[in-house]
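Structural features, examined
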Amino acid sequence: MRNVKGIVLKPGKDKAVRNRHHWIFSGAVASLPSDLADGGIAPVLSDAGELLGHAYINRNCSILGRMLSFGPGDPFAALDMSIMKAIALRRDLFGDGEKTNAYRIINAEGDGIPGLVVDRYDSVLVLQVTTLGMEKLKDLVLGTLVRELAPETIYEKSDMPSRREEGLGNREGFLHGEERGLVLVREEGLEFLVDVVRSQKTGLYLDQREMRKLVGGLARGRSVLNCFAYTGGFSVHALRGGAVRVDSVDSSAGALETAKRNFFQNGLPVEGNGFIEADVFDFLRGPIASYDLIILDPPAFAKKKGDVRQACRGYKDINRIAIQKAPPGALLLTFSCSHFVDEGLFRQVVFQAAAEASRGVRILGRHIQAPDHPVNVFHPETEYLKGFLLYID
Ligand code: SAH
């Protein structure tokens, strides 16, 4: 084995890879083949020369290598197999798509495919590539997606800031098929308009699908405040579920316009419901109506480890004010999608918010991201969304 050229790990630094974690940090690497270009694939070897799998590399990144396969097999065949398994899981989850035709097909390390996200919106696939290694594998990936899913259109929306460390600029455009306007998708008998080109993320926050359904079931007779409403997913579900009023707050005027169109699309009245362009922090501090179901679904306040303290202050503030202003018996559905704020820490934030508001708070439910965003037990970074359904005494 010694004569195999590869990414050789330092003694004792092979544990993560043996435990099927996908990342190889630069500090774990003893040597690299000098002729291996950034973005290229090579065998990963222990100090003793044992073949642990294959990874692609980028010397410019602190995560120097990302495992494409574990064990002795061919990495290209493994990638193809990982894509097929990802597709098979979604077929299990969604059948032929009668409940919804909008879901994540490939969830990066959650599906064993570092650097790649693929979402389906009806016959349109939206693809996001975050690494140089995956950029070099894109044609292979596209071939498999077209062969297996026969999409009408594939749109690339690789606009994540993390691409900069990889030496990649933003890349957006149609990779396959014709340019499409708005795509209409179904979810639980409701319809949503998706603008894959001009939207946030790939179009919708698909990871909250189960929570939208939950809200639909909780909303009857309640007046609902949907904070960080984006294009009104929670709002539409709440109103169809029998809410007496739904106010949607977001800082993006464009998102709120689409929210109104989504109301219209589902035959729900725009009049009598609020679409409020505001900073949620300011809005909550102002004089607000009494709501008996409040949703807090902010963007990730902690984008890196160093942000955690500041992020927790932000989470605590909005939760404290929401709890203070909620009437007894109100429900608060509160989320954090920062990976760096784990469930235990988020629970402490809720504790602190409740203590400062001097209100009794009970947890009725604990939630994670929808199952088309699977959490890889070997790669805990794939768990990011956590939420609590709280009862405010
Ligand atoms: N709940 C939504 C997704 C929310 S994404 C859904 O299920 O579809 C986060 C949203 O928060 C984005 O629409 C963004 O425009 C908005 N946003 C970010 N910071 C904000 C702030 N300080 N005040 C109000 N809205 C904000």
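As a reminder, the structure under discussion sits directly above these lines.
What this report covers is the structure whose coordinates are included nearby.

The rules behind these values
Residues numbered from 1 in each chain as written. Predicted model: local features only at pLDDT ≥ 70, side-chain atom pairs only at ≥ 80, totals over all residues. Heavy atoms only, no water. Helix = DSSP H or I, 4+ residues; strand = E, 2+ residues; numbered from the N terminus. Rg over C-alpha atoms; globule rule 2.2 N^0.38 Å. Buried < 20%, exposed > 50% of the residue type's maximum accessible area, 1.4 Å probe, protein only. Contact = heavy atoms within 4.5 Å. Areas by Shrake-Rupley, 256 points an atom, 1.4 Å probe, with all protein chains shown as cover. Lys, Arg positive; Asp, Glu negative; His and termini not counted. Charge placed at Lys NZ, Arg CZ, Asp CG, Glu CD. Near = heavy atom within 4 Å. Polar contact = N/O pair within 3.5 Å; in protein donor to acceptor, adjacent residues only side chain to side chain. Nonpolar A, V, L, I, M, F, W, Y, C, P; charged D, E, K, R; others polar. 1 Å grid on protein atoms, 1.4 Å probe; cavity = no way out; pocket = protein on both sides within 12 Å on 5 of 7 lines; lining within 4 Å. Points joined across faces, edges and corners; volume = space filled by probe spheres on them. Phe/Tyr/Trp six-rings, centres within 6.5 Å; stacked < 30°, edge-to-face > 60°.

Attention now moves to the overall build of the protein chain. Looking only at helices and strands, one finds 10 helices and 20 strands in the protein chain. Computed over the C-alpha atoms, the radius of gyration of the protein chain is 23 Å, within 12% of the 21 Å expected from 2.2 N^0.38 for a compact globule of 393 residues. Taken along its principal axes, the extent of the C-alpha atoms in the protein chain is 70 × 50 × 35 Å. Relative to its full complement of 393 residues, the protein chain shows a buried share of 55%. In the protein chain, of all internal contacts separated by at least 6 residues, the share reaching a separation of at least 24 is 63%. Looking at the protein chain as shown, the accessible area adds up to about 17,000 Å², and 52% of this sits on carbon and sulfur atoms. Distance between charge centroids for the protein chain: 5 Å, based on 49 positive and 49 negative side chains.

Residues in contact with the ligand amount to 15 residues; listed here are only the nearest, Gln200, Asp250, Ser251, Val280 and Asp297. Here serine 251 contributes a backbone N or O atom positioned 3.0 Å from a nitrogen atom of the ligand. Contact distances for the ligand include 3.5 Å between a nitrogen atom and a side-chain N or O atom of aspartate 279. Here the ligand, which alone exposes 590 Å², has 89% of that area covered by the protein. In terms of residue class, the shell around the ligand is built from 8 nonpolar, 3 polar and 4 charged.

The space that makes up the second largest pocket amounts to roughly 450 Å³. Together, 19 residues line the second largest pocket, and Arg20, Ser82, Lys85, Asp111 and Gly112 are the ones closest to its centre. With 7 residues, helix α2 (residues 75-94) is the largest single contributor of residues to the lining of the second largest pocket. When its residues are assigned to classes, the lining of the second largest pocket shows 9 nonpolar, 6 polar and 4 charged.

Taken as a whole and assessed by the stated rule, the structure comprises 10 aromatic pairs. Aromatic pair tyrosine 205 and tyrosine 230: ring centres 4.9 Å apart, planes at 90°, arrangement edge-to-face. Here tyrosine 205 is found in the loop between β13 (190-194) and α5 (209-218), whereas its partner tyrosine 230 is found in the loop between β14 (223-227) and α6 (233-240), with 25 residues between them in sequence. Take tyrosine 205: its relative accessible area is 24%, and that puts it in the partly exposed class. Overall, the relative accessible area of 10% leaves tyrosine 230 in the buried class. Aromatic ring contacts, followed pair by pair, group Phe281, Phe301, Tyr315, Phe346 and Phe388 into a single cluster.

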